[in-house]
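Fold and contact review
Spelled out from the first residue to the last, the chains are:
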Number of protein chains: 2
Amino acid sequence: MSQFPYDKEDAICALATPWAQSAIAILRCSGPDILEKLQGVFKSSKPLDSWTPNHMGYGHIINPKTQEVLDEVMAVYFKGPKSYTGQDSVEFNCHGSLPGIEAILEVFHNRGIRRASPGEFTFRAFINGKMDLTRAEAVQEIVSARTSQAQSLALNRLSGVIFQEIEAIKDLILTLNASVALALDYPDDEVEPPPVDEKAINQAVLRIDQMLASYKRGKLFQEGVTLALAGRTNAGKSSLFNLILKEERSIVSQIHGTTRDYLESTVTLGGIPLRIFDTAGLRNSQDPVEQEGMRRTGEIVDNAQLVLLVVDAQVGFLQEEQDFYKKYKEKTILCWNKVDACDSPAPKAAIAISALNGHGFPLLEQALLDRIFKDTPPVESPVVIDSQRQKELLETARFGLLRFLEGLNQQLPMDILSEDLRESLNALGEITGEVSSSDLLELMFSRFCVGK
Amino acid sequence: MSQFPYDKEDAICALATPWAQSAIAILRCSGPDILEKLQGVFKSSKPLDSWTPNHMGYGHIINPKTQEVLDEVMAVYFKGPKSYTGQDSVEFNCHGSLPGIEAILEVFHNRGIRRASPGEFTFRAFINGKMDLTRAEAVQEIVSARTSQAQSLALNRLSGVIFQEIEAIKDLILTLNASVALALDYPDDEVEPPPVDEKAINQAVLRIDQMLASYKRGKLFQEGVTLALAGRTNAGKSSLFNLILKEERSIVSQIHGTTRDYLESTVTLGGIPLRIFDTAGLRNSQDPVEQEGMRRTGEIVDNAQLVLLVVDAQVGFLQEEQDFYKKYKEKTILCWNKVDACDSPAPKAAIAISALNGHGFPLLEQALLDRIFKDTPPVESPVVIDSQRQKELLETARFGLLRFLEGLNQQLPMDILSEDLRESLNALGEITGEVSSSDLLELMFSRFCVGK
């Protein structure tokens with residue numbers, strides 16, 4: 001259903017709220033001739049084109065063929081270019097009735113208002129100069145954020161901080177480029193060209209490095225971490241699982257498998273979405289169902305980014321657990337559980353806890369956060385990026401600058417050096433959308449949700 | 001979490017769109033002091049209380065403690081009484097980000113704006129005279145309608161047709177009541193009281209009867225019918241199931257059980273939501289899993305309102321099928337399937353079909369509709385009701401009128417007759433909410449969705 005490159009002049013519509021029964025649903029429409037298309041479909045005390053823009057008013061959506069009233073709605077007319085898309089747009093607050101919404105969308109369709117593709121409203125906003133690409137990406141990042149920290153970082157990006165930072169870096173490079181261009185224009189001049197300002201270029205590289213360094217952290221907040229609970233049957237995995245869910249107040253979701261399968265839940269830890277899997281107990285068994293459970297446990301542990309190995313302090317650190325720990329040491333935290341019930345000393349590097357009474361939980365939490373943030377240094381950049389697209393373009397820009405510096409040292413001809421700078425500038429321009437291809441745009445906007 | 005009777009002066013808020021990631025989410029707030037409560041929470045170029053009512057404008061929701069921006073939003077201020085609730089209200093179109101919505105609701109909570117109970121916005125609309133109870137009920141009926149016909153009937157009710165009909169019936173009774181009151185006031189007068197107009201009362205009864213007659217049909221559109229597909233393994237149940245889903249374009253939902261279990265789907269047939277269950281094949285088996293499947297099939301067939309018994313024409317009408325048909329004859333349609341592959345004549349009352357090529361499907365569809373509408377006569381009433389509450393009150397009103405007529409024939413004293421009329425009027429007044437108790441209101445509004 002991709003119609004890329006989107007036709008920018010089509011009248012489009014979409015349900016901007018989820019497809020589920022609710023109090024209110026929003027239908028958005030946009031297009032240069034949207035008012036004309038809605039004639040005979042939307043009826044109110046006076047025609048829509050005489051409404052004050054941005055005024056929310058009362059009316060009915062009717063089927064122009066049968067004159068049947070499809071819904072009683074509140075409508076707002078946004079007059080382009082003062083609208084989200086930059087075009088004339090209308091938003092209807094309808095009743096959140098699924099058959100009602102379907103009936104309205106069908107009437108819209110019959111009037112030549114087609115269903116919008118994912119991201120098409122924001123695409124129009126971009127094309128019509130309402131926002132650059134980094135802001136457009138932020139729109140979707142806000143919506144899909146899974147923790148308030150991720151949402152807050154994306155909101156910051158929506159305000160244009162990436163755009164400003166990229167423009168500042170470009171300014172540094174453009175100054176350089178001017179010197180280079182001068183050298184190019186007067187290659188045989190007796191006058192020496194002004195020396196290239198290496199400081200400026202080093203500063204540009206530094207600022208790019210800072211943005212790049214923020215990527216890992218940004219991604220962490222956006223995508224989160226998977227954590228598997230492993231351990232023998234009765235070691236207290238499920239109690240620990242429940243304790244984590246209880247202590248981390250914001251449980252995002254909970255999926256129950258069968259008892260022999262696994263449980264999955266998502267909680268927020270320090271702003272990071274943490275997907276936790278409570279696996280089947282580690283033990284040798286001839287029961288085929290349990291063997292299947294073991295196989296899945298192995299798969300979950302292999303795929304998890306972090307593992308909590310829960311050991312029963314009353315039983316001790318058994319050989320099979322030691323083997324497990326050795327195998328997954330890089331990503332495993334050892335939990336010495338049930339210290340409420342016995343005094344047996346914890347092995348080195350283990351954290352003594354009681355899943356029963358919560359003893360040791362803050363330490364465990366800190367250990368988890370330390371592991372999660374181990375490879376992601378604190379951010380010095382004014383912005384945190386989490387878009388792979390932006391990251392790759394920053395790397396391209398950085399590479400061009402470094403090659404320029406290298407060429408400068410090797411006293412390469414200015415026309416070659418100039419190419420490196422142009423490459424950098426192009427990459428930076430692609431980040432904000434100043435330079436763009438329709439392939440790139442398709443890739444980007446197709447990941448959006450419908451109605452944005 | 002019931003807080004009934006709702007405090008009408010509290011500031012309340014609710015997510016009026018579904019709790020799921022989406023382009024836009026609506027947060028509604030209402031309360032006499034809502035503008036004050038939102039001070040420091042909503043920031044825009046000028047304070048909300050100086051906004052033109054019903055104007056949609058741009059701003060930010062911020063955490064007043066940390067000054068952190070929680071979201072960029074579009075807001076509308078509805079000045080009471082010209083609002084849905086009749087009170088000052090504000091609606092925010094936020095980004096449909098779940099952690100973002102949570103963060104905003106928490107800030108609202110800290111400012112003393114509590115989460116609304118189900119139906120609380122509509123309850124305020126009722127209390128503040130913005131709509132009568134029948135319209136309030138229609139609001140929820142629109143939202144929960146499962147077919148466009150049901151939604152359209154509810155929309156009609158929202159326009160006030162029930163209210164008008166009830167008022168008209170009350171007028172008929174009130175005229176009578178005047179004669180009765182006259183007789184009561186001057187019992188010993190020499191002048192004969194004007195004769196009671198029996199025509200008027202018969203007309204009131206007739207109009208109540210018509211509304212009552214519409215209830216079955218209204219309920220049918222709202223609640224739909226369950227249909228089980230039964231038959232031996234390989235009789236073509238699954239093909240017929242798929243054919244129905246293909247022919248009835250609007251598939252509402254589809255739930256897959258395991259192969260031994262059953263499949264469930266909802267389609268719309270003549271405006272009626274039809275829940276179809278494809279059951280396990282009828283056959284005797286020693287396999288415990290299959291036996292369990294049989295047991296469930298029996299349960300589904302017992303609970304279904306209609307059954308399609310699918311018989312393989314190539315095999316013939318076997319004894320076990322005849323037994324089944326005899327047992328469930330009242331609600332079963334016999335389908336003589338696979339007529340594309342053989343000529344064996346169909347038993348009496350069977351419908352010859354081919355689930356493979358669609359032969360006979362229109363006939364089957366008509367047979368289904370005939371069965372569905374068998375006990376529900378076409379509606380003569382100007383309105384179709386589907387509220388059990390309204391139906392019961394209409395029955396009470398009707399009963400009062402009939403007893404009045406009976407008493408009139410028996411020449412009972414006027415003060416007794418007068419009681420019957422009062423009872424009728426009270427019941428009718430309860431329908432529109434002119435007469436109401438807090439128990440009734442709690443029961444009614446607690447069935448609403450949050451945000452309405």
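Computed from a predicted structure; not experimentally measured. (Residues numbered from 1 in each chain as written. Chains lettered and ligands numbered in written order. Predicted model: local features only at pLDDT ≥ 70, side-chain atom pairs only at ≥ 80, totals over all residues. Heavy atoms only, no water.)

Topic: the overall build of chain A
What counts, and what does not: Helix numbers and strand numbers start at the N terminus; a helix is a DSSP run of H or I with at least 4 residues, a strand a run of E with at least 2. Relative accessibility thresholds used throughout: buried, under 20% of the residue-type maximum; exposed, over 50%; partly exposed, between the two (1.4 Å probe, protein chains only). Note on contacts: a residue pair is in contact if any heavy atoms of the two residues lie within 4.5 Å. To measure how exposed things are, a 1.4 Å probe is used in the Shrake-Rupley method; for residues, cover is taken only from the protein chains shown.
Regarding its fold elements, chain A presents 14 helices and 14 strands. Within chain A, buried positions represent 53% of all 452 residues. The contacts in chain A between residues at least 6 apart in sequence include a share of 67% that link residues at least 24 apart. Accessible surface, chain A: about 20,800 Å² in total, of which carbon and sulfur atoms supply 51%.

Observations regarding the confidence of the model for chain A
Residue and element names in this part refer to chain A. To keep things clear, this is the line we draw: pLDDT measures how confident the predictor is about each residue, on a scale from 0 to 100.
Summing up the model confidence of chain A, the mean pLDDT is 86 and the portion of residues at 70 or higher is 90%. Of all secondary-structure elements in chain A, the lowest mean pLDDT belongs to strand β9 (residues 251–256), at 46, while strand β4 (residues 56–62) reaches the highest, 97. Confidence drops under a pLDDT of 50 for residues 250–260, and excluding neighbours within four residues, the segment shows 26 contacts in the predicted structure. Across the whole predicted complex the pTM is 0.78, and at the interface the ipTM reaches 0.76.

So, the packing of helix α12 (residues 388–409) of chain A against helix α13 (residues 414–432) of chain A
For any two helices packed against each other, the geometry comes down to the angle between their axes and how far apart the axes lie. Residues and elements named next belong to chain A. Using the following cut-off: Only the stretch in contact is used when a helix axis is fitted, and all axes are lines through C-alpha atoms; the angle between N-to-C directions ranges over 0 to 180 degrees. For this classification, under 35 degrees means roughly parallel, over 145 means roughly antiparallel, 65 to 115 means roughly perpendicular, and everything else is oblique. Should the near helix be turned anticlockwise from the far one by less than a right angle, the crossing is termed left-handed; should it be turned clockwise, right-handed. Under the scheme applied, nonpolar residues are Ala, Val, Leu, Ile, Met, Phe, Trp, Tyr, Cys and Pro; charged residues are Asp, Glu, Lys and Arg; polar residues are all the others, including Gly.
The interhelical angle for the contact between α12 and α13, taken along N-to-C directions, is 165°, at an axis separation of 8 Å. By the angle between their directions, the pair α12 and α13 is classed as roughly antiparallel. Once α12 is placed against α13, the crossing between them reads as left-handed. Counted by class, the contact of α12 with α13 contains 13 nonpolar, five polar and five charged residues.

Notes on the interface of chain A and chain B
As a reminder, the rule being used: Each of two parts loses accessible area, computed with a 1.4 Å probe, when they are put together; buried area is these two losses added. Any Lys or Arg side-chain nitrogen found within 4 Å of a carboxyl oxygen on Asp or Glu counts as a salt bridge. Any N or O atom pair separated by 3.5 Å or less is treated as a polar contact, with the protein-specific requirement of one donor-capable and one acceptor-capable atom, and with residues adjacent in sequence counted only for side-chain atom pairs.
If you look at the interface, chain A gives 45 residues, while chain B gives 45 residues. Summed over both partners, the interface of chain A with chain B buries about 3,500 Å², with 63% contributed by carbon and sulfur atoms. Counting across the interface, chain A meets chain B through zero salt bridges. Put simply, chain A and chain B have 14 residue pairs in polar contact (both at pLDDT 80 or more) between them.

Thoughts on the sheet that holds strand β3 (residues 42–43) of chain A
Heads up, the rule is: The pairing criterion is simple: DSSP has to find at least two bridges between the two strands.
The mixed open sheet is built from seven strands, whose spatial order is β3-β4-β5-β6-β2-β1-β7 (chain A). The sheet terminates laterally at β3 and β7 (114–115) of chain A, the two strands that pair on one side only. In this sheet, strand β6 (residues 89–96) of chain A lies alongside strand β5 (residues 69–78) of chain A in antiparallel orientation, the contact comprising five bridges. Bridge pairing links A:F78 to A:S89 in β6(A). Packed onto the sheet, helix α2 (residues 98–110) of chain A meets β1 (12–15), β2 (22–30), β4, β5, β6 and β7 of chain A and runs at close to 10° relative to β2(A). Strands β5 and β6 of chain A of the sheet are contacted by helix α5 (residues 148–158) of chain B, whose axis makes an angle of about 75° with β5(A).

Let's talk about α12(A)
Residue and element names in this part refer to chain A. For clarity, the threshold we go by: One fewer than the residue count of a helix, multiplied by 1.5 Å, yields its expected span.
Compared with an ideal rise of 1.5 Å per residue, which puts 22 residues at 32 Å, α12 spans 32 Å between its outermost C-alpha atoms and is within 8% of the ideal. Those residues of α12 not exposed but buried are R389, Q390, L393, L394, A397, G400, L401, F404, L405, G407 and L408. Put simply, S387 is the residue that caps the front of α12, since its side-chain oxygen is 3.3 Å from the backbone nitrogen of R389. Directly beyond the C-terminal end of α12, a positive phi value near 50° is found at Q411.

Focus on the relation of the copies chain A and chain B
Let me state the cut-off plainly: Fitting of the copies onto one another was done by least squares over C-alpha atoms, counting residues only where both copies have pLDDT of at least 70.
Mapping chain A onto chain B calls for a rotation angle of 180° and an axial translation of 0.0 Å; the resulting RMSD is 0.1 Å. Taken together, the rotation and translation relating the two chain copies correspond to the operation of a two-fold axis. Minimal C-alpha separation from the rotation axis in chain A is found for A:H55, amounting to 2.2 Å. A symmetric contact is evident, with 100% of the interface residues of chain A recurring at the interface of chain B.

Overview of the environment of B:Q388
Residues and elements named next belong to chain B. By the element assignment, Q388 lies in helix α12 (residues 388–409). Here Q388 falls in the partly exposed class, since its relative accessible area comes to 44%. In this structure the C-alpha to C-alpha distance between Q388 and L425, which are 37 residues apart in sequence, comes to 18 Å.

Points about unusual backbone geometry
In this chain, A:G80 is followed by A:P81 through a cis amide linkage whose omega measures 5°. Residue position: A:P81 is located in the loop between β5 and β6. Backbone geometry at A:K338 places phi at a positive 70°, although glycine is not the residue there. With respect to the helices, strands and loops of the structure, A:K338 is situated in the loop between β13 (332–337) and β14 (351–352). Of note, B:Q411 is a non-glycine position whose phi angle comes to about 55°, a positive value.

Some thoughts on the sheet that holds strand β4 (residues 56–62) of chain B
All names here are of chain B. Taken together, seven strands build an open sheet; the order of strands is β3-β4-β5-β6-β2-β1-β7 and the sheet is mixed. Each end of this open sheet is capped by a strand with a single partner; those strands are β3 (42–43) and β7 (114–115). Seen against the sheet, helix α2 (residues 98–110) touches β1 (12–15), β2 (22–30), β4, β5 (69–78), β6 (89–96) and β7 and runs at an angle of roughly 10° to β2. Running over the sheet, helix α3 (residues 120–127) touches β1, β2 and β7 and is turned about 135° from β1.

Concerning the pairing of strand β11 (residues 272–278) of chain A
Residues and elements named next belong to chain A. Along β11, six of the seven residues are buried, which leaves the element largely enclosed by surrounding structure. Pairing of strand β8 (residues 225–231) with β11 involves five bridges; the strand directions are parallel. The residue bridging L227 from the neighbouring strand is I276, located in β11. For strand β10 (residues 263–269) and β11, the ladder comprises seven bridges, and the chain directions are antiparallel. Each bridged residue has a counterpart across the sheet, and for E264 the counterpart in β11 is F277. Following β10, the chain reverses through two residues before pairing antiparallel with β11; G270 in that reversal takes a positive phi of roughly 55°.

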